[in-house]
Amino acid sequence: MNLSLSDLAPPLRWTPPGQIAPIVEEPQLPEAWWAAIPLDRACALVGTQTVAGHLAELAVACWGHLLVGDILPLLRFSDPAEAERTPESLGKDVVQKLFGGVFDRLLEPAPQPVVPKADKPLPEPIEDVFAALDDRQRAIARDRLYAGQRATLDELAQRFSVTRERIRQIERDLRDHVEAWLASPEAAGLVAHVSWLRGRLGSAVPADDLAAAVPWHRGELRTLGIPVWRFVRTLLTGYEQADGWLVAGGADELREKTRQLFADGPRPLGEAVAMVTQLGVREDVAERWILAVPQLRVLEQHVVPWPRSINEKAEAVLAVAGRPLSPEEIQERIGEDYSLVGIRNQLTADERFLRVDRNKYGLARWSGEEYLGIREMIAREIERAGGEASVSTIVTNLTSKYEVSESSVRAYSGGPGFERTQRGWIRVAGSGDVEPYQPRKDVSETRRSFRSRDGRWWHRVDVNAEHLRGSGSPLPTGFAAYLGMAPGGQLTAATPSGDVVISWHNQPTMGSIRNVLADFKAGEGDHVFLTVSDGGELLTRHLPAAPPSMPPLNRALYLIGYTAPVTSELEGLRLIGARIGLPDLAAREEVLARLRERGDRDILGFLGS
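This write-up is about the structure you can find in this document. All values reported here derive from a predicted model rather than from experimental measurement. (Residues numbered from 1 in each chain as written. Predicted model: local features only at pLDDT ≥ 70, side-chain atom pairs only at ≥ 80, totals over all residues. Heavy atoms only, no water.)

Details of the side chain of E537
By the secondary structure assignment, E537 is in the loop between β20 (527–532) and β21 (538–543). One polar contact links E537 to R344, side chain to side chain, over a distance of 3.1 Å. Reaching out from E537, the side chain makes a polar contact with the side chain of T348 at a distance of 2.8 Å. Apart from the residues lying within four places of it in its own chain, the contact partners of E537 are R344, T348, R355, Y361, A493, A494, T531 and V532. (Helix = DSSP H or I, 4+ residues; strand = E, 2+ residues; numbered from the N terminus. Polar contact = N/O pair within 3.5 Å; in protein donor to acceptor, adjacent residues only side chain to side chain. Contact = heavy atoms within 4.5 Å.)

Printed below as a string of structure tokens:
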């Protein structure tokens, strides 16, 4: 025998020697003896049970999750039932006994073959198995047992003018015929080949690897007219074919075990490949297996968990990058059909992310200083300076730290929220005698303004031809004041497609939102709900025009941005009341009265008032 223990036990080839050696070291055996010397020599030096004991210790310590038939594939022929169990379930002593039995049988002197056919080169003995069959048996074997697409019992019964049960009986007899041959000396060469093949394939391999394993696999079984590998495939019991892979055991189980390896976060690709080989996947196909496992992905030479949530995908992208990225960069690296607006909104709302620059986000766990928007950053600089600061110093500090222009900083410094104290110096408005601007109508009393569940107020824009052409549009005074504006002031809100400027001269006016509408592919009659975040971003939500068939109550709710179904008018009125700032228990007349005061005649019309 010229086979080492690692030739018979595939996991020994995938497990690092440093992990094996402390468990199986033997003074009488050379270093790495499991791969360096034949099994019969190792057993002769220390005893078969000692070798079996070392392999059993390794199985329990390192491969407890594998089937023992995957650890020592010869067990699938000698003890098929036990081969389907794990070392964890059997225990070390039982595993040692099983392994020792295999080695004892393997090392027994081989009896002289009594049938000369055992010496025939493969696949000739396989041809002999089917040569003795009649035409009907060979047809059923070809089209039913070994076909890529199996013929049905009805099709075969009709073809041969017999009953379905007769076809089933012939099929059963054929299986028994092949099983009896596999147990005979003539099949010894093929049985040994299948054992070798299991070790070569590992726990998962691309299905086409079977055909390429040896040249004669691609040949044809002339008696059946099928490729040889298709017959060999039926002998690989315990393998499941799924999505182009042959997987030992269950594909779903191996996929889940693979995902669990990366539950703690990204791993470098080289390290990930080594981890996956611990599951019995060959190193040369491990990366392909990782890519085939749902909810895993390779990013920048790292394997990362890749769940369905856009937030978690963005978190994985940032974790691999190790530095802040813009929403555009995150969108590009995710590489899926997520809108830039949606990604930006999630980055703003999710506490896992921290805005660190005008258009850059990092992970909150990295710590660092949050970018709050130009107005808030100016206020922070003033606070750090003791309540009063030079505009030039503020400009220098902010433009050196963040991607903001000098002109923007100076514009905000001279706008609402700040006041001059001396030439070139400012402080936060209201720290002296200046009263904050109070609009005639609060935002809750302002037409087309609605509060979301997080307390943020949004304004609804009903898209018309002027918006699509790029014209500006007025904003209600109450909503502009909610955004922190006052007469004479200006607010610049950032969007992925450019800034939108809101200014207040005679009345608050919003500049063109044509690019925002283009991103949504919005048309006339659609609705866009918008607001400005604390960080100065224009947050938007698009709703296409409601279909005419929508019931009136749902049309009313649609105009406040609510699209889920409701069970009654009472529930609908409660939702509308909450969106316009009324308490939960507000009566129907109170809701209708507030809508009238605000001027929401379109909503009132759908409520029959």
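Some details on empty space enclosed by the protein
Considering all chains together, one arrives at two cavities of 30 Å³ or more under this definition. Size it by volume and the largest cavity reaches roughly 90 Å³. In this structure, the largest cavity is lined by 14 residues; those nearest its centre are D70, R198, G202, S203 and Y239. Breaking the lining of the largest cavity down by element, the ones donating at least two residues are α2 (11–14) and α7 (68–71). Residues belonging to the lining of the largest cavity are distributed by class as follows: seven nonpolar, four polar and three charged. In this structure, the second largest cavity encloses a volume near 60 Å³. (1 Å grid on protein atoms, 1.4 Å probe; cavity = no way out; pocket = protein on both sides within 12 Å on 5 of 7 lines; lining within 4 Å. Points joined across faces, edges and corners; volume = space filled by probe spheres on them. Nonpolar A, V, L, I, M, F, W, Y, C, P; charged D, E, K, R; others polar.)

Focus on the environment of L354
Structurally, L354 is set in strand β9 (residues 353–357). Classification of L354 as buried rests on a relative accessible area of 13%. In sequence terms L354 and R138 are 216 residues apart; their C-alpha atoms lie 69 Å from each other. Beyond its immediate chain neighbours, meaning those up to four positions away, L354 contacts K360, Y361, G362, L363, A364, S367, G368, E369 and E370. (Buried < 20%, exposed > 50% of the residue type's maximum accessible area, 1.4 Å probe, protein only.)

Considerations on the environment of D134
By secondary structure assignment, the location of D134 is in the loop between α12 (124–131) and α13 (135–145). When its relative accessible area of 39% is taken as the criterion, D134 is described as partly exposed. With 409 residues separating them in the primary sequence, D134 and L543 have C-alpha atoms 70 Å apart. Within the structure, the side chain of D134 is placed 2.7 Å from the backbone nitrogen of Q137, a separation counted as a polar contact.

Description of helix α26 (residues 391–401)
Burial in α26 covers these residues: V391, I394, V395 and L398. Taken around the axis of α26, the buried residues stretch over an arc of 100 degrees, which confines them to a single face. Looking at the buried side of α26, the elements it contacts are α25 (374–384), β11 (389–390), α27 (406–413) and β13 (425–428). Measuring from the backbone nitrogen of S392 back to the side-chain oxygen at the start of α26 gives 3.2 Å, which picks out S390 as the cap. (Arc of directions from axis to C-beta.)

Some thoughts on the layout of surface pockets
Quantified by volume, the second largest pocket comes out at close to 700 Å³. Considering the residues around the second largest pocket, the lining is formed by 23 residues, among which S452, R453, W458, R541 and R579 are closest to the centre. Sorting the residues of the lining of the second largest pocket by element identifies α24 (340–349), β14 (449–451), β21 and α32 (569–579) as the ones contributing at least two each. Of the residues forming the lining of the second largest pocket, the biggest block, four residues, is contributed by α24. Residues belonging to the lining of the second largest pocket are distributed by class as follows: ten nonpolar, seven polar and six charged.

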